[in-house]
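Chain and residue survey
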Amino acid sequence: MRAAELLPDAVRRLAAAGVADPTRDARRLLAFALGVSQERLILHLHDPVEDTGITKFNAAIDERARRRPLSQIIGERLFWGRSFQVTRDVLDPRPETETLVECALAEPFDTVLDLGTGSGAILLTLLAERPEAMGMGVDVSPAALAVARNNASRLGLLAEFILSDWFSDVGAQFDLIVSNPPYITAAEMPALDPEVRDWEPHLALTPGGDGLDAYRRIARGASAHLKLGGRVMVEIGPTQGRDVTQLFRDEGFQSVDIAPDMDGRDRVVRAR
Ligand SMILES: C[S@@+](CC[C@H](N)C(=O)[O-])C[C@H]1O[C@@H](n2cnc3c(N)ncnc32)[C@H](O)[C@@H]1O
């Protein structure tokens, strides 16, 4: 059987399962099963596929039809141009989180702390872009920390990763604190896409209640862990700007403002 002949049935199965872009996903999973890059798939569409390739493709399509996120099936996600390992233990790094990276890289820093580091995507991107900087990533999930450490070694970067409930085990002070904490409200959880609700770690998605608890903890602990003049920046959901800026002002922070993402939605709260 030739590679192209595998596609129509796979697309039909993904469409029937409610996958948003079944053609794109079937092609990406075919490239994955054949061990070729997405860009080169077109060159292989008329090649005969061995049985192992067919089995791997069908297994990947089965998983995607169960609404498992594509990045978990192929095991990686591109973030700021670099490949990060993604497993069921970490949040799939989102394109909108690149706004937080952009805000961070607009500031000077030699030391950076990433709270709720997950795959390590934010911290490791900052360290790759600022090779002279030192960084620490914390998470309350040991399994997420294992993925972050693996991503550091895949990228050839040095970072310290520690198990901590937000600031509880962080002793040092930093020039910059960044975080993309869980911020979905309890009420929003049932309506999320199955890819997110059923496959990503609950702990990475929501702190429960009104979605603001992690910001309360971060705003309360940040000044004790910042050097003089240091900055803290957190990703927010687009409707949380007012509440989160207020939390930082209530803790005595100055120059609190909001930066938009590429779609013009409120995305990052910055404070000093
Ligand atoms: C939205 S995910 C962000 C992951 C990664 N930084 C990113 O942007 O892709 C939030 C992360 O916070 C972690 N987390 C949740 N509660 C925490 C806590 N109490 N202390 C530290 N980390 C926590 C989760 O395990 C998860 O990895």
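No experiment lies behind these values; they were computed from the predicted model shown. (Residues numbered from 1 in each chain as written. Predicted model: local features only at pLDDT ≥ 70, side-chain atom pairs only at ≥ 80, totals over all residues. Heavy atoms only, no water.)

Comments concerning the sheet that holds strand 6 (residues 174–179)
- Strand order in the open sheet made by the seven strands is 5-4-3-6-7-9-8, with mixed pairing throughout. Each edge of the sheet is formed by a strand with only one pairing partner; in this case those strands are strand 5 (160–163) and strand 8 (257–260). The average angle at which neighbouring strand axes cross in this sheet is 20 degrees, direction not considered.
- Pairing of strand 8 with strand 9 (residues 266–271) involves four bridges; the strand directions are antiparallel. For aspartate 257, the partnering residue across the bridge sits in strand 9 and is arginine 270. (Pairing = 2+ DSSP bridges. Helix = DSSP H or I, 4+ residues; strand = E, 2+ residues; numbered from the N terminus. Axes fitted to C-alpha atoms, helices over the stretch in contact; angles between N-to-C directions.)

A few points about the nonpolar core
- Core analysis: the biggest nonpolar cluster contains 28 residues, and Leu113, Val232, Val234 and Phe248 have the highest contact counts within it.
- Secondary structure elements with two or more residues in this core: strand 3 (111–115), strand 4 (134–139), strand 6, helix 11 (213–222), strand 7 (226–235), helix 12 (241–250) and strand 9.
- In terms of residue count, helix 11 provides more of this core than any other element does, five residues in total.
- Among residues more than four places away in sequence, those in contact with phenylalanine 248 are Ile218, Ala219, Val232, Val234, Phe253, Val256, Val269 and Ala271. (Core = buried A, V, L, I, M, F, W, Y, C linked by side-chain atoms within 4.5 Å. Buried < 20%, exposed > 50% of the residue type's maximum accessible area, 1.4 Å probe, protein only. Contact = heavy atoms within 4.5 Å.)

With respect to the UniProt feature "binding site: substrate" (unreviewed entry) in the protein chain
- According to UniProt, the "binding site: substrate" (unreviewed entry) feature falls on Asn180, Pro181, Pro182 and Tyr183.
- Inspection of the secondary structure puts asparagine 180 in the loop between strand 6 and helix 9 (194–197).
- Filtering out sequence-adjacent residues up to four positions away, asparagine 180 remains in contact with Leu91, Thr97, Leu100, Leu115, Gly116, Ile122 and Glu235.
- Side-chain polar atoms of asparagine 180 contact the side chain of threonine 97, separated by 3.4 Å.
- If you trace the backbone, proline 181 turns up in the loop between strand 6 and helix 9.
- Residue classification places proline 181 among the buried residues on the basis of a relative accessible area of 2%.
- Aside from chain neighbours lying at most four places away, what touches proline 181 is Trp166, Ala214, Tyr215, Ile218 and Glu235. (UniProt positions renumbered as here; feature names shortened; annotations may be inferred. Polar contact = N/O pair within 3.5 Å; in protein donor to acceptor, adjacent residues only side chain to side chain.)

Section: the packing of aromatic side chains
- As enumerated under the stated definition, the model contains three aromatic pairs in all.
- Their ring planes at 80 degrees and their centres at 6.1 Å tell us that phenylalanine 79 and phenylalanine 84 sit as a pair that is edge-to-face.
- Ring centres of phenylalanine 248 and phenylalanine 253 lie 5.5 Å apart, and the angle between their planes is 75 degrees; this geometry places the pair in the edge-to-face category. Here phenylalanine 248 and phenylalanine 253 have matching classes, each one buried.
- Across the ring face of phenylalanine 32, the terminal group of lysine 56 is positioned such that the distance to the ring centre comes to 4.4 Å. (Phe/Tyr/Trp six-rings, centres within 6.5 Å; stacked < 30°, edge-to-face > 60°. Lys NZ or Arg CZ within 6 Å of the ring centre and 35° of its normal.)

Overview of the pattern of salt bridges
- Counting across every chain of the model gives 21 salt bridges.
- Glutamate 200 is paired through a salt bridge with arginine 94; the nearest N and O atoms lie 2.6 Å apart. Here glutamate 200 is found in the loop between helix 9 and helix 10 (202–205), whereas its partner arginine 94 is found in the loop between strand 2 (82–85) and helix 6 (98–105), with 106 residues between them in sequence.
- Since its relative accessible area comes to 7%, glutamate 200 is described here as buried. (Salt bridge = Lys/Arg side-chain N within 4 Å of Asp/Glu carboxyl O.)

Focus: the site of the ligand
- In the vicinity of the ligand, 17 residues are found, and the nearest of them are Gly116, Asp139, Asp165, Trp166 and Asn180.
- Here a nitrogen atom of the ligand and a backbone polar atom of glycine 116 are 2.9 Å apart.
- The contact in question runs from a nitrogen atom of the ligand to an N or O atom on the backbone of valine 140, over 3.4 Å.
- Its free accessible area being 590 Å², the ligand has 94% of it covered by the protein chains.
- Looking at side-chain class alone, the shell around the ligand contains nine nonpolar, six polar and two charged residues. (Near = heavy atom within 4 Å. Areas by Shrake-Rupley, 256 points an atom, 1.4 Å probe, with all protein chains shown as cover. Nonpolar A, V, L, I, M, F, W, Y, C, P; charged D, E, K, R; others polar.)

Considering the UniProt feature "binding site: S-adenosyl-L-methionine" (unreviewed entry) in the protein chain
- UniProt annotation of "binding site: S-adenosyl-L-methionine" (unreviewed entry) refers to Gly116, Thr117, Gly118, Ser119, Gly120, Asp139, Trp166 and Asn180 when read in the numbering used here.
- Take glycine 116: it is sitting in the loop between strand 3 and helix 7 (121–129).
- In contact with glycine 116, not counting residues within four places along its chain, are Val138, Asp139, Trp166 and Asn180.
- With respect to the helices, strands and loops of the structure, aspartate 139 is situated in strand 4.
- Discounting residues that sit within four places of it in the chain, aspartate 139 has contacts with Gly116, Thr117, Gly118, Ala144, Leu145, Ile162, Leu163 and Ser164.
- Only 2.9 Å separates the side chain of aspartate 139 from the backbone nitrogen of glycine 118, close enough to count as a polar contact.

Side note on the side chain of threonine 117
- Inspection of the secondary structure puts threonine 117 in the loop between strand 3 and helix 7.
- Within the structure, the side chain of threonine 117 is placed 2.8 Å from the side chain of aspartate 114, a separation counted as a polar contact.
- What threonine 117 contacts, discounting residues up to four positions off in sequence, is Leu123, Gly137, Val138, Asp139, Leu145, Ala148 and Phe161.

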